Amino acid sequence: MRKISILMALLITGYILGVWNFLLVPKYLIVFGLKGMTIVLVSMFLALLLMLREFEATRDTRYLIHEFMVKVARFPAVTLVVLMFLLVLGGVTLYYTSLVFVPVFSLSTPALLAVVAVEVLLILALLVVLKGRTVAFIGALSVLLVLFTPAATLLMRSKVYSFVTSPRALSYLSHYRHAIFSSGQPLTLESTVFMIVVTLLGLGLGAGVYYVLGTFAPKDLDFRKVLVAVVILQVILSFSAAMSTVYSIGAAYQSYENAQVRYNQIHEELGKVFTNPNYTAQQAIEKSQELMQQLKEVNKTLTNFKKVEVYAKNGNENPIKAVETFYQIPRILKESRLPGASAIVALLMSSLFLAGITTVIVLVEIGAQITGEVMQVGRGGSVSFISLVIGILGGLMAYPGLRVMLLAVPLSVGALVAAVEAFPLVRFPKEWNRELAASIGALFLVVGFGAMRYVFAAGGSYARLGVVIGILVFIPLLFNRYLMGAAGRRG
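This structure is a prediction, so every number in the text was calculated from the model and none was measured. (Residues numbered from 1 in each chain as written. Predicted model: local features only at pLDDT ≥ 70, side-chain atom pairs only at ≥ 80, totals over all residues. Heavy atoms only, no water.)

**Comments concerning helix α20 (residues 461-472)**
Residue pairs spaced three or four apart in an α-helix point in one direction, given the helix's 3.6 residues per turn. To keep it simple, the criterion reads: Secondary structure elements follow DSSP: runs of H or I of four or more residues count as helices, runs of E of two or more count as strands, with numbering from the N terminus. Under the convention used throughout, the expected extent of a helix is 1.5 Å for every residue step, that is, one less than its residue count. Partly exposed describes any residue whose relative accessible area lies between the buried limit of under 20% and the exposed limit of over 50%, with all areas from a 1.4 Å probe on protein chains only and scaled to the type maximum. In this description, the arc belongs to the directions extending from the helix axis to the C-beta atoms.
Helix length check: α20, at 12 residues, gives a terminal C-alpha distance of 17 Å against a target of 16 Å (1.5 Å per residue), a fit within 8%. Residues of α20 that are buried: A463, G466, V467 and G470. Axial view of α20: buried residues confined to an arc of 100°, hence all on one face.

What follows is the structure, given as structure tokens:
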């Protein structure tokens, strides 16, 4: 039983520590400093209360999630809302997990689609073939994730401080490093809303996972201790990712200055070619071509620097645009010729991959359990169905317009789905549970409508389509009475 409790704890760790810890949370920690961290921690605290109640409600009743929604909450439509959102969230997470290989190996779009397919097959093999060993596998990956991320940051720190030497680059490095531990920029309503949404997505609310885990959790598992430990790890990983971003800013500007110095050297050499009659026309042409090539290098390094700088200083930057900035770091490190760049990139991207793949595996497993219960299909069929849908959605995200559309779904309605997920607890027969769930759910509703408004206003046509798709996720709520009748007839 102790071993099962440890494996469950590692399973929850692998699920919660996801791609959002690397892609968006660091942005808000750098821009808003301790104020941003305070908002993240308060959001975590409220979300953890809700997760704990979901977990305990199903552990106390021992109902499966759909059975709980029918017999206790009297709202089976919530199960379908959760399942639809889970599919989109799984596709988004799968894509950003697969994207790890693009900056490392310079993959084309077809190659990226092949990576998505391979990951889907890997997940199928784990959940269908290995079955009982899957939890142990996720646990092992979770341990590696916890080890790799701080190791990458520490290695990066040791190399960057010997590489960054110019006063301007050191100034940038120092400024953004101190920003994390300062009061940061003034908060805006928009940035506050997105911080809360990203925190909820990072904790995995909206996918019904904690209802399902509560059904199968051993009675002696202290879920409170597990959640406290995971939150501590999540903060550590987010800070590590933020510091990695800061170090990359210093390395990027130093790389730009190095390229600029080299350009000036070549320019001087070209001047000597034109003034010295001993040089031939061919040598002048070659030196001119070298100068133009170096000018491209200067522009490229400056562009890399500007991208990470905007990420670190603009709190109101559209998260749809900001989400892929972290993938610039491998390119910056390699192009700057930072010592140990290969090892740093390997550790950093491995951490991001492990964070993503463990989350996707759990989402497929939970989705399969919900599908099997709602649609009365076998495990093999439900796992295959969920894997296929998530794989298709992940593949569609390889195309820019569709990527914006699908990413807009969790960012715009993630908090609303979390609020819907809280609703069944309002009907759970414990008075303090009802009041707490109602209060937290109401807050998430307000945040959710704010996020929907901001995504719709800031995005283009594809982002607005994503908001519309997000709204469609809630359609099952309109047919709850019919679903209750169907559940009763089946029962």
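**What to know about the packing of aromatic side chains**
How two aromatic rings sit relative to each other is given by the distance of their centres and the angle of their planes. As a reminder, the rule being used: Pairing of aromatic rings covers Phe, Tyr and Trp, the last through its six-membered ring, and needs centres within 6.5 Å; plane angles under 30 degrees mean stacked, over 60 mean edge-to-face, and all others mean tilted.
Taken as a whole, this structure holds 18 aromatic pairs when the rule is applied. Aromatic side chains Y96 and Y327 sit 6.3 Å apart centroid to centroid with 25° between the ring planes, which places their arrangement in the stacked category. Of this pair, Y96 sits in helix α5 (residues 77-98) while Y327 sits in the loop between α14 (319-322) and α15 (328-335); the two residues are 231 residues apart in sequence, bridging distant segments of the chain. Of the two residues, Y96 and Y327, neither departs from the other in class, the shared state being buried.

**What about a nonpolar patch on the surface?**
To keep it simple, the criterion reads: Here, patches come from residues exposed beyond 30% relative accessible area and free of salt bridges, joined within 9 Å for like charges and within 5 Å for nonpolar side chains (Val, Leu, Ile, Met, Phe, Trp, Tyr). Accessible areas in this description were obtained via Shrake-Rupley with a 1.4 Å probe; residue shielding takes into account the shown protein chains only. By definition, a salt bridge exists where a carboxyl oxygen of Asp or Glu is found within 4 Å of a side-chain nitrogen of Lys or Arg.
On the surface, V468, L472, I475, L478, F479 and Y482 cluster together into a nonpolar patch covering about 630 Å² of accessible area. Here L472 is to be found in helix α20.

**Comments concerning the pattern of salt bridges**
Scanning the entire structure with this criterion turns up 12 salt bridges. Salt-bridge contacts for R262 lead to E290; the nearest nitrogen and oxygen are separated by 3.0 Å. Linking R262 in helix α12 (residues 223-275) with E290 in helix α13 (residues 281-313), this pair joins segments that are 28 residues apart in sequence. A relative accessible area of 30% places R262 in the partly exposed class. The partner of R403 in a salt bridge is E324, and the shortest N-O contact between them spans 2.8 Å. Placement of R403 in helix α18 (residues 400-426) and of E324 in the loop between α14 and α15 is noted, with a sequence separation of 79 residues between them. Looking at R403, the relative accessible area reads 14%, which means it is buried. The class for E324 is partly exposed, based on a relative accessible area of 25%.

**With respect to the confidence of the model for the chain**
Heads up, the condition is: What pLDDT conveys is the predictor's confidence in a given residue, as a value from 0 to 100.
Taken over all residues, the pLDDT of the chain has a mean of 91, while the share at 70 or more is 98%. Taking the mean pLDDT of every element in the chain, the minimum, 77, falls on helix α21 (residues 480-490) and the maximum, 97, on α5.

**Points about helix α11 (residues 209-216)**
By the criterion of burial, α11 is predominantly enclosed, with 7 of the 8 residues buried. Of all the positions in α11, only V209, Y210, Y211, V212, L213, G214 and T215 are classed as buried.

**Examining unusual backbone geometry**
A positive phi angle, near 65°, is found at R62, a position not held by glycine. If you trace the backbone, R62 turns up in the loop between α3 (25-61) and α4 (65-73). For S106, which is not glycine, the phi torsion reads 55° and is therefore positive. With respect to the helices and strands, S106 occurs in the loop between α6 (101-105) and α7 (109-130). Residue S106 is classed as exposed on the basis of its relative accessible area of 64%.

**Comments concerning the side chain of N21**
Our working definition: Here a polar contact is recorded for every N or O atom pair within 3.5 Å, except that within protein the pair must consist of a potential hydrogen donor and a potential acceptor, and residues adjacent in sequence are included only if both atoms are side-chain atoms. For this analysis, residues touch if any pair of their heavy atoms sits within 4.5 Å.
Tracing the backbone through its elements, the reader meets N21 in helix α2 (residues 20-23). With a relative accessible area of 2%, N21 lands in the buried category. Side chain to side chain, N21 and S238 meet in a polar contact 3.1 Å long. Once residues lying within four places of it in the same chain are set aside, the contact partners of N21 are I16, P26, Q234, L237, S238 and A241.

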